[in-house]
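Take a look at the letters that make up each chain.
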Amino acid sequence: MSSVRGWSASLLAFALLCVTAATVSAQGAAISGQVTTEQGAALDLVNVHITEMNISVVTDDQGRYSITIPAERVRGQGVVLRVRRIGYTAQTRPIVISAGTQSHDFSLRADVNRLSEIVVTGVSAGTEKAKVPFAVTTLSADDLPAPSANALTQLQARVPGAQIVMPSGRPGVAPAIVIRGPKSLNANGRSQGPLIIVDGVILDGGTQDLNPLDIESIEIVKGAAGSSIYGSRAGSGVIQITTRSGRNAAPGVRFNVRNEMGFSNLQGRYPYSRNTMLMFDETGRNVCVTVSNQPACSRVVDFEAEALRINEQGGDFALQPLPFTQDYGISATPPRPHLKGLFQINKWPTYYDPVEAAATAGLYNTANVDMSGRFGNTGFFASVSHLSEEGSIAYLKGAQRMSGRVNLDHQIGEHWNLALNTYYARRLTFQDGQFFRLTRTPPSVNLLRRDAQGRLFIRSNPLNQGGQNFNPLYWHEAQEQESHSDRYLGSATARYTPLDWLEFQGQASIDRSRDNFWTLRDRGFRHTSQSSVNEGAMFTGAGSDLSFNLGAMGTARREIGNDLRTALNVRYTYEQQDSESISASGASIAVPGLRDLDNTTTSFNVGSGTSSIRAIGASVGGDLEYKDRYIFQTVYRYDGSSLFGENERWHPYYRASFAWRVAEEPFWPFVDAVNELKLRTSIGTAGGRPSFAAQYETVSVGAGGVITGANLGNRDLKPEVTTETEIGLDAEILGRFGVDLTYAHAITRDQIFLVPQSVSTGFANRWLNAGTLDGKTWELALNLPLITRRDVSWNSRISWDRTRTYITELGVPEFFQTSSSSTFKFAEGELLGTIYGKTFMTQCSQLPAAFRNQCGPGQEFQQNDEGWLVWVGAGNTPGQGITDNLWQSVRPGCIVGGVPNTSIIGEVACLDAGGVVNNPWGSPEVHWGMLMPIRDSTGAAQLLAVGNTLPDYRLAFSHTVQYKRLSAFALIDRSHGNKLMNQELHWSLGDFMVEEQDQGGKTVATAKPLGYYWRAARPENSNGVGGFYDVLGSNNHTVEDGSYTKIRELSLTYDVGSVPVVGFGDWSLTLTGRNLYTWTKFKGWDPEVGTSGGNLNSSALNAVAGFQYPPRRTFTFTVNTRF
Amino acid sequence: MKMAQKAAVLTLLAVTATACDNILGVDNLNQPDIERVFATPAAIQQTIGSGYQSVHNTLTSNDNLMPQLLTISGESYSSINNFQMGPRGGIPRVPVLNSTGAASVFGAFSGLSRGGRLAVNALNALDKLMAEGGTLGSVGNDLRTRAFGFFVIGVNQGWLATIYDQAGLVRSGMASDEVPELGPYTEVMAIAIAMLDSAEAIASQTAAAAGFPMPGSWVGASTEHASQAGFLRLVRSFRARFMAGVARTPAEREFTPAVWTRIRNDAEAGLTTDFLTHVGGSTGWNQNFVGTLMFQDGRAWSQMTLMYFGMADTTGAYTAWLATPLDNRVPFLVRTPDPRWPRGETRAIQVDNSPLPEDQNSKPYIRASLENEIGDAWGWSFYQFSRTRAIRESYFMGPSEGLFMEINKAEIDLLLAEAKIRLNDVPGAIAIIDQYRLANDLPSLAGLTSRDATIPGADYVVDGDGEITGMTAVAGKANCVPRVPTSAGNATMCGTVWEAMKYEKRMETAYSSYGRWWIDNRGWGDLVENTHTEYPVPFQEMDARQLPPYSLGGGLASSAARGTYGF
C-alpha cells in the first residue's frame, strides 16, 4: 500500500512539474545583445551561435543580434553562447535557456594573428588555428583588398613557401603554383601544383573561371605534413577556397555593388638595336642591294619603299625583297671575315619601337553585384559578375568572363543543415599574341603601316633573313580565334547532428566544363611566302570534362573529464574525372566568311581523346586535446586509384602531429610578453598520381598502318609518395605581434619517371618509379600591427621563404633535358632547377692549368672591358683589336713539332718539341678577342651549371595603413638569386637586333665585331667564332639574373559612407595599381615569366622568357557601395 | 551476431571490395597496345606490309642522319647547324661526340631508335604470322607476306649495320621483354643478309607465285617491284648494296672473290628499272627529305661543293682550285662536255642553259645560278644539283606528291661494274661504264684492260649551238673526265677506269638515296681525312643499356685515313 501511495505521489509530482514547465516554456525565450569592437565600434556580420541547439544568427549593421527560441525548445538547459567573427578573437559565455528575455553584449578584441579562426583544411574536424599542429596559411577577403582577375594570382607574395608565377600577361591566364618546391622530377601530363578545392569541389580545371569577389576565405596547407587526409593528390599541398554563403548572413537582404574600371599597359621596354650592319648609301636611308658581278652599292633602294613594294605589289602574297648587302642573321650566316671585321654601326634610317607600336592601353573592367541575406532558416549569397580584360596589345581582344553564383544554407529543424553551392561561368578568350615575331622585328620597321588598299603589311620586315617572319599585327588583325568555356561548379552538403557530440556529413560535388575553340584564317589571308597557297584554313575543337566527388563523413567528439577532448573522424570519398576531346581542321576555304568546317576542301585532319580516372579513399582520424595545450592528431588514409598500375591499386597515407601550447602552461613565466607560443611538429605522407596513360602499353599506328611502340607499360606503377616532416612555432608577442616559423623537409620517393628503353625492345619509353627528391623549406611570417588606434592603424606583414630541392636518387643514368632553351641536368646530388650551358670564361682560373700563368695584364689571356676572358696575345691589350688589326688573328690549334695538327684532340697530346702544351684544347683555335667557352679534355665546350631557376629566397612586405576613412595598402615582394633563360633576347642576338650589339656609341678600343656576339656554327672546331648567340643553347650570358623587386599591389581607398544626394548605400572609392614597377637587372620585359613543358612542366620552374605575352601593369578606379 | 547476419555483412564487404577494384579498372581507349594491334590477321599483314614504308620514312626523315651524311660525303655542303649539317661537314673533321647529353647525336639516335623499333615490330608481326596455325587465309598470301617480312627486317638491319658500329642482334622468336644484346656491325649485317636470303628463298617458292603481285602500297606503288620477279630483283639489289656497302675502309672492301662473285651475281639479277616510290600526299610515305634536302632555293641548304663535283672540269680550274689553300678557294666555272652540267663559257650562259628539270632524268642535272651562296670558301659554289628538283617541285608547287628514288638502276649497274673490276673482268666493267659515259658525251673506255689504265680525253665536234655532235677519243688528252686529284690533293690527273666508274656512280646517285656517297667513299678511301666511317651507338641507347658511351671519328677510332684524293 505504501508503495502504491509512493507511486501516486511521484506521478502527481511529475504531472505538476510538467504543467509548471509547460506554463513557463510556453512563453519562449529571447536572447539579444550587441557586439562591438574594443574601441566601441559596432561589428556587423558577427556569427552568434548556440552549437548545442544548432542556432546561428548574424549581427546587423549596428552590431545587434536577436535569437528567438520557440517555447517547445526552452527547457532551462545550460548552453554556451558563442560569438565569432573573422579577424576577432572569439568569445563564449555560458547561459541558461529560460523563458523570457535576456541580453548579452560582447566586446571583441581584434585577433590580429587569427589564432581563433577555425581551420578546416587538412584536419579531421574544424580546429582553431591556435591548435592546428601544422603550418596553414589562412586568408580572408579582408586580406585581399585589391582582388585581381584570378582567384589565386592574388595569393602572390602572401603565402610563405608558395611560389606563384604568372607565366604570361595574357588575359585569362592562370598562375603556375609550386608550394615548397617541386615534388616531381617528371610532371609531364601532370602538375607540380597543389590540389585545389572550392566549396568541396575538387577542381579538375584551372582557376580562371572563378570570380575572386565571391571568395570568403582561402586556406593553404603546404605539404604532406598537413595534407595526408587528401591522400594521393595532395603531395604538393592543398588550397581550399570557401566562397561567401548564407551561413552567416543577417536577416533581410544586403546588396553590394562594385565596379572597377581602368586600363592595363606594358611596363619595361625591349632592347632593340638602333644600328645595323646593313650597307647604306650616303643618304643613310637607301640600303645597298647585292647585284652579281657589280660593285658594292651599285644599286640602292629605300628601306621603307622596299617594304611597301613587297607588300603592295604582291597581290595576296608578299613579294620576295631584294637581296640587301650584308643582310646577315640566323638564316644568312655572315662569312668569317665579316664576323671578325664588320661592326654594327650603321644607324637604322628610322626608329620605330615595334613594341611601342604594338602596345595599347586596353580596358580593364569588372562589374560585380552580389546580395546576401537570410529569410527564416535559409541564408543565401548570390552574385553576378562580368570581367573584361582587353590586354595591352593592338588588335588582340583579351578575355571576358561572365559568372553567376547562388549559395544557399538551410537549417532543417534542430539536427539537419543543408548547403547548396552553385556557380556558372562563361569565359571567352581570344588569340594570343605573336610575340616571337614582335621581338624579332628590326626597329626600323613600322608595324602599323598600311598599303594603298588599307592592309597592314604582312611582311613588314623586308630583310631576307627575316623571311620567316610576318607582321604580328597583321596576324592579330586578320586571324580570328576564339575559345569559349562553360564551367559549372556545384556542391551539396547535408549535415546531420543527431547528438551534441556526433555529426554526419554527406557531400556531392561536381565540376563540369565544356570548351570549344575555333581558329579561322580566312580565304585571302595573306602569306609571306609565295609558295604557300592562301586559300585559308580553319581549326576547331571541343573538350568536355566531368569531374565529381562524393563524400561521407562522421565525426564524434567527446570530452572525458574536464581536460581531455577527443574526436574521431571517419571519411569515405569517391572521385571520378571523365574527359573527352575532339578536334578537326581543314584548309582551302571555299567561301570566305564562314565558320563551317564543311567550307574547307582540303587537308582534313581530325583527332580525339577520351579518358576516365577514378579514385576511392577511406580515412580515419583521431584528435586528442589535453588541457587545451597538448594536441595530438592522427590520420590514416587508404587510397585506390585507376591511375596506379594494376598490381599497385591501393596505397596508404598517414599523418601524426603534435602541438604544445607552451604559453598555456602554468609555469610559463613570460605570459605578458609572449601570450601565445605553440611548438608544433607533424609528419605526414601524401602522394602524386601518375598521368592517365602512364601505366598502359601504348603503340601508335601511323599512316599506312606503320606502328611505333611508344610506352612499354607498367602494371607495377605506384604513386609518388611525399613524406614531409615539419616543425615550427607560432607565437604571439605582447598580444599583437605574430611570428610563424616553419621548417619542412619533404622526401618524395618512387618518382614517376619516363625511362628510355633500349630501342631493341621496340618501345621508346616506360614510366617507372625511380628516384627521390629531397626538399627543405624555411618559412617565416611576421605580423606587425604597429599602430592600432581607433582612427589610425598600421599593420605590416612580412613573409620570407627559401626552398632547396635536390635529387638524391635517380635510378637511371644521369641526363640533360632541354625545355624551351633551358637545359637541366638530372643527376644524383643535383640541385633541381639548375640550368646548364656553355660557360664563357671570366677568370684565369678557368683556363686549362698549363695556361693560367699566361693570364693577366700584359699576358696572352686578359679580361676585356666587359669582364670576359679573351686571348689577345702577350704584350697586347683587349683594346687594340681595331687599331692593330688584331681581330683577324687566330691562335693556332694544336702544334706538334712546329706543325699544326688538326687531328689532335685534348691538351695532353698538344705538345710542341719542347714538351710544352701549346694549345689549351687541342685542335680548336682561339680567335683574337673572342669569347672562350670552358672546354673539356676533348676540346668540346662543356655544359656547366650557370644558375638556378629557383630563388635563393623570396621576401614580401605588405602594409595596411588606415587613417579615419582613408586606407592604403601596399604589397612589395622580392625574388632573389633566381636565374632566367632569356630566349627572346637570345634569338634576337642571332639576327643582330639587340641593343648590346650596337657599336655606334663605342670607342675604337671597346667596339666589337659581329662575331663577338654571334657564333658560327661550330664552336668545337677551328671555324667557331664568338659568341653569345649560341643557337638558343643556354650559356652564362643568355641565362640572366632574374632577381627582382616588384611593387605588386598598391591601393588607396576612401570610405565615403552614405551620400545624401544618392540617398542610399555605404560608398567607397578605391584607386588600385597592380604590377606597378619592377626593379631588375633582367634585360627583357619582366623577369616574372616562364614556360611550361619539359620534365619540370611548370612555368614557375622552367623560367624561360620565351615570347610570352608580357606581364601587364594595371591601373583601376573602383566604386563600391552596399545597401 | 547470428551466423546469417555475419555472413550477410561479410558478403556485403566482399562485394563492396570487389566493386571498388572493378571501378578502378579503366581501359585506355586512346592508344592501342600490341595485343590490339595484332588482334587480326589483317593487322599482321598491315604491319608487315607497311614495313618498307617505315624503313623509307625512317631514312628520309629530317631528324635522321641523311642531312649530315650528305655533307660528310662531299655530296652537299652547308654551313648551318640544322641537322648537324655544318658541324659534321666542317674541315677539319671533328669527332661525333657522344657523351651523355650531347645534342649532336640527335639524328643518330633518331635513326637507330626508329630502325631498332621497326625491326622488333616487324619481328613481332612475323612471329604472329609464323606461329602455329597462323595464316592470312591462303598459302600464297602467307608466303609473300613472310618473304616481305624477312625483306623488311633484312633491309632495316642492313641499314643499321651500314651506319652504326654496333646494333641489337634481333632474331625471330624473341620474348617481348627481351633486350637483344649489341653486336658488331659484321654480325648485324650477317643477320641482315640471312633475312634477305630467307626472303629470296620464300618468295622463290612456286606456291608463292599465287601471292604476287603484292599490294602496291607495300613498295610505294611500284608496280614493277610488286611482282614476284620484280620483288626478287629488289631483294637481290639490296643484298648486293649491303654486302658491298658494309665495308668501312678500302681494305675491308677488298672482299674475297667469293663475296664479290656473290655481289656480282646479285647485281646482275638486280634492278632493271629504278625503284621509285610514290611519296607525299596521303600515301603515308615521307616526303621530308625531298622537301628540304634534295633541292633548296635557300642559300644555306643543299649547296653543291666542288670538292668532288669539280672532277668534271676540263679547263684546269679544278686543279687551280685544289692548289689554293682551303679557306681561300673561290668557286669556279665548270666547263665540261658532260651534259649533266650546264653548257657555256660564262656563268651567265650557263645560267641561261640551266632550265628546270622536267623529271629526274632531265639534263642538266646541275643548275648554275647568278646568286652567290654563303659559307666556307671551299664549300660553296654557284651550282646546285637540281636533278631532283622536279620531285621537289611536285610537293610544293603541284599535288604535294611524287616519285622518290629509293635505289636506282645506275647504282646497281655501277656496283656490278665495280664487282667485275674486282674480279678482273675490266672489259665487262667498261661495257657498263660506257653505257653511262657515251650517253653523256664522254669517250668510250673500250680497249682499256686494267683497272688503273688512264682514260682518254676526246676531240669534240660542236655545232653552232654549242652542242656536241661528234666525239673521238684521244688518249692522253687533258680534257679527260673525270680529272681526279692526286694523292697530294693539290694537283690533278686524268682518271682511270676505276675512277671513271666512281665518277659515273657519283653523278648518277648524287642527292638520291641514303648516304650513298659516304658509303661508297669510305670503301673507296675517298673521304676527307678523319671523317667518321661509322656512327657510335648514341648515348641514349647506351644509357638505356647502362653501358658507357663513346665517341668516334674526328681523329678518334673509326676515322677515315687521308685517302685517294689527299683530302
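Notes on the structure in this doc start here. Predicted model, so just to flag it, every value in this text is computed and none were measured. (Residues numbered from 1 in each chain as written. Chains lettered and ligands numbered in written order. Predicted model: local features only at pLDDT ≥ 70, side-chain atom pairs only at ≥ 80, totals over all residues. Heavy atoms only, no water.)

### Quick word on the overall build of chain A
This is how it is decided: Counting from the N terminus, the helices are the DSSP runs of H or I reaching at least four residues and the strands are the DSSP runs of E reaching at least two. All radius of gyration figures rest on C-alpha atoms, and the globule criterion is 2.2 Å times the number of residues raised to 0.38. Buried residues are those whose accessible area, probed at 1.4 Å on protein chains only, stays under 20% of the maximum for their type, while exposed residues exceed 50% and partly exposed ones sit between those limits. Any two residues whose heavy atoms approach within 4.5 Å are treated as being in contact. Using a 1.4 Å probe, the Shrake-Rupley method yields the accessible areas, and only the shown protein chains count as cover for residues. Just so you know, the count uses Lys and Arg for positive and Asp and Glu for negative, and it drops His and the chain ends. A charged residue contributes its charge at one atom only: NZ of Lys, CZ of Arg, CG of Asp or CD of Glu.
Of the regular secondary structure elements, chain A holds ten helices and 60 strands. In terms of overall size, chain A behaves like a compact globule, its C-alpha atoms giving a radius of gyration of 35 Å where 1123 residues would be expected to give roughly 32 Å. In terms of its C-alpha atoms, chain A occupies a principal-axis envelope of roughly 140 × 70 × 65 Å. Scored against the burial criterion, the 1123 residues of chain A give a buried share of 58%. Long-range contacts, defined as pairs at least 24 residues apart, comprise 69% of the intrachain contacts of chain A with a sequence gap of at least 6. For chain A, the accessible surface area stands at approximately 42200 Å², while carbon and sulfur atoms represent 57% of it. In chain A, the 98 positive side-chain charges and the 105 negative ones have mean positions that sit 2 Å from each other.

### As for the sheet that holds strand 36 (residues 707–711) of chain A
Residue and element names in this part refer to chain A. Counted only if it meets this: At least two bridges found by DSSP between two strands are what make those strands a pair. A fitted line through C-alpha atoms represents every axis, and for helices the fit uses only the stretch in contact; the resulting angles, taken between N-to-C directions, go from 0 to 180 degrees.
Here four strands make up an open sheet; going across it, the order is 35-36-40-39 and the pairing mixed. Taken across any chain shown, the strands that pair with only one partner, and hence form the sheet edges, are strand 35 (698–701) and strand 39 (752–756). For this sheet, the mean angle separating the axes of adjacent strands, direction not counted, is 25°. Two strands pair when backbone bridges link them, and strand 39 and strand 40 (residues 763–769) are joined in this way by five bridges, in the antiparallel orientation. By the bridge assignment for strand 40, Ile752 is matched with Asn769.

### Section: the packing of aromatic side chains
Convention followed: Think of it this way: a Phe, Tyr or Trp ring, Trp meaning its six-membered ring, pairs with another when their centres are within 6.5 Å, and the plane angle makes it stacked under 30 degrees, edge-to-face over 60, tilted otherwise.
Counted according to the given criterion, the structure contains 70 aromatic pairs over all chains. Taking the centre distance of 6.1 Å and the plane angle of 50° together, the rings of A:Phe548 and A:Tyr574 count as tilted. One end of the pair, A:Phe548, is in strand 29 (residues 537–560); the other, A:Tyr574, is in strand 30 (residues 564–589), and 26 residues separate them in sequence. Taking the relative accessible area as the measure of exposure, A:Phe548 reaches 22% and is therefore partly exposed. Judged by centre distance (5.2 Å) and plane angle (90°), the rings of B:Tyr308 and B:Phe567 are edge-to-face.

### Observations regarding the pattern of salt bridges
All names here are of chain A. Note the following rule: For this analysis, a salt bridge means a side-chain nitrogen from Lys or Arg found within 4 Å of a carboxyl oxygen belonging to Asp or Glu.
A complete count under the given rule lists 95 salt bridges over all chains for this structure. With a shortest N-O distance of 2.8 Å, Arg715 and Glu646 are connected by a salt bridge. Of the two residues, Arg715 is situated in the loop between strand 36 and strand 37 (720–733) and Glu646 in the loop between strand 32 (630–641) and strand 33 (650–661); the sequence distance between them amounts to 69 residues. Taking the relative accessible area as the measure of exposure, Arg715 reaches 53% and is therefore exposed. Given a relative accessible area of 47%, Glu646 falls into the partly exposed group.

### Considering the interface of chain A and chain B
Heads up, the condition is: In this description, buried area is defined as the sum, over both parts, of the accessible area (probe of 1.4 Å) that is lost when the two are combined. Side-chain classes are defined by residue name, with Ala, Val, Leu, Ile, Met, Phe, Trp, Tyr, Cys and Pro counting as nonpolar, Asp, Glu, Lys and Arg as charged, and the others, Gly among them, as polar.
The interface of chain A with chain B comprises 57 residues on the first partner and 63 residues on the second. Here chain A and chain B share an interface that buries about 4900 Å² over both sides, 59% of which is from carbon and sulfur atoms. Those elements that provide at least two residues to the side of chain A that touches chain B are strand 31 (600–626), strand 32, strand 35, strand 36, strand 40 and strand 43 (815–819) of chain A. Examining the composition of the side of chain A that touches chain B, we find that six residues originate from one element, strand 31 of chain A, more than from any other. When its residues are assigned to classes, the side of chain A that touches chain B shows 23 nonpolar, 26 polar and eight charged.

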